[in-house]
Amino acid sequence: MSPKLKAALALAGAVAFVALSVMAYASPALPGDVALTHLAQGWRPSALDGVLRSVSLIGYGPVALAITLLVAGGLYVVGRRWDAVFAAATLLADAAGVIVKMVIARPRPETALVQDYDKLLPFSFPSGHATHAFAFYGFLFFVVAALPGSIAWRRGAQVALVLLIALTGLSRVYLDAHWPSDVAGGFLLGALTLGGLLEARRRILSYPKPVED
C-alpha cells in the first residue's frame with residue numbers, strides 16, 4: 001500500500017470518527033440505532049446468548065488487560081520482542097477510548113427502548129470492548145501472518161480473530177451495553193490506533209541495523 005493511500009485512509013478514518021463523535025455528543029441515539037438493536041436482540045438461537053456473554057466477558061477491562069499482557073509476554077518469550085511491545089501498546093486505544101468517553105458523556109441505551117441485559121457504566125461512546133478488540137486482535141491478525149507453521153493454520157487463526165472482533169461488537173449491542181453507533185465509533189478508534197502502531201512497527205523493523213566490525 002502506497003504512503004499516499006495510507007495517509008488518505010487515515011485521514012478518512014479520523015474525519016469519520018470525529019463526525020460520529022460529534023453526532024454522539026449531540027444525540028443519545030442516532031437514526032437506526034434502535035432498529036438495529038432490536039434486530040440484534042431479536043435474533044436469538046439457543047447458543048447465542050452464552051457465546052456473546054463469553055465474548056463480552058473477555059473484553060472487560062481487567063480480563064482484557066490480563067489477556068493483552070499475557071500475549072505480549074508470550075511474544076517476548078518466543079523472541080518477537082517488538083511484537084510484544086506493540087501488542088502491549090494496543091492498550092493505548094483503550095486509554096484513548098476512556099478519554100473520549102468522558103468527553104462525549106453519551107448515556108447508555110435506555111431500557112425503555114431496548115432490553116437490558118447488562119449492568120452498565122455511565123457512558124457509552126465509543127464502545128471500549130469494540131475499541132480494544134479491533135486494536136488488539138487486529139494487531140494479532142498481522143502478527144499471525146509472520147508466525148511459523150502451515151498457511152492453513154495461519155489463515156484459520158486470522159479468520160478466528162476477525163470473527164472475534166465481529167462478535168465482540170455484536171455482543172455489546174445484544175447485551176444492551178451500547179448502541180450500534182457506539183460500536184462503530186469503537187471500531188474506528190481501534191482502527192486508527194492499529195494503523196499508527198502498524199506503521200511504527202513497519203518503520204522500526206525495516207530500519208537498517210548497524211554493521212558490526
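Keep in mind it's a predicted model, so treat the numbers as computed, not measured. (Residues numbered from 1 in each chain as written. Predicted model: local features only at pLDDT ≥ 70, side-chain atom pairs only at ≥ 80, totals over all residues. Heavy atoms only, no water.)

1. With respect to the overall build of the protein
Thought 1: Each helix and strand counted, the protein has nine helices and zero strands in total.
Thought 2: Going from the N terminus to the C terminus, the protein shows its helices and strands as α-α-α-α-α-α-α-α-α.
Thought 3: The buried share among the 213 residues of the protein stands at 39%.
Thought 4: Here the contacts in the protein between residues at least 6 apart in sequence split such that 77% fall between residues at least 24 apart.
Thought 5: Surface accessibility of the protein: about 11600 Å² in total, with carbon and sulfur atoms responsible for 73%. (Helix = DSSP H or I, 4+ residues; strand = E, 2+ residues; numbered from the N terminus. Buried < 20%, exposed > 50% of the residue type's maximum accessible area, 1.4 Å probe, protein only. Contact = heavy atoms within 4.5 Å. Areas by Shrake-Rupley, 256 points an atom, 1.4 Å probe, with all protein chains shown as cover.)

2. Quick notes on the pattern of salt bridges
Thought 1: In this structure the tally under the stated criterion is seven salt bridges.
Thought 2: Notably, a salt bridge pairs Arg106 with Asp33, separated by 3.4 Å at the nearest N-O pair. You can see Arg106 sitting in the loop between helix H6 (91–104) and helix H7 (128–145) and its partner Asp33 sitting in helix H2 (residues 33–42), a full 73 residues away along the chain.
Thought 3: In this structure Asp33 comes out as buried when scored by relative accessible area, which is 3%.
Thought 4: Between Glu199 and Arg202 there is a salt bridge; the shortest N-O distance is 2.7 Å. Of the two residues, Glu199 and Arg202 are both situated in helix H9 (residues 180–206); the distance of three residues between them amounts to about one turn of the helix. (Salt bridge = Lys/Arg side-chain N within 4 Å of Asp/Glu carboxyl O.)

3. Observations concerning the packing of helix H4 (residues 61–77) against helix H5 (residues 81–89)
Thought 1: Running from N to C, H4 and H5 point in directions that differ by 170°, and their axes come no closer than 7 Å. Considered as vectors, H4 and H5 are oriented roughly antiparallel to each other. Contacts between H4 and H5 involve Thr68, Ala72, Leu75 and Tyr76 on the former and, on the latter, Arg81, Asp83, Ala84, Ala87 and Ala88.
Thought 2: Looking at side-chain class alone, the contact of H4 with H5 contains six nonpolar, one polar and two charged residues. (Axes fitted to C-alpha atoms, helices over the stretch in contact; angles between N-to-C directions. Parallel < 35°, antiparallel > 145°, perpendicular 65-115°, else oblique. Nonpolar A, V, L, I, M, F, W, Y, C, P; charged D, E, K, R; others polar.)

4. Observations regarding the confidence of the model for the protein
Thought 1: Mean pLDDT over the protein: 87, with 90% of residues reaching 70 or higher.
Thought 2: In this model residues 112–120 is a low-confidence stretch, pLDDT under 50, and it forms 29 contacts with partners more than four residues away in sequence or in other chains. (pLDDT = per-residue confidence, 0-100.)

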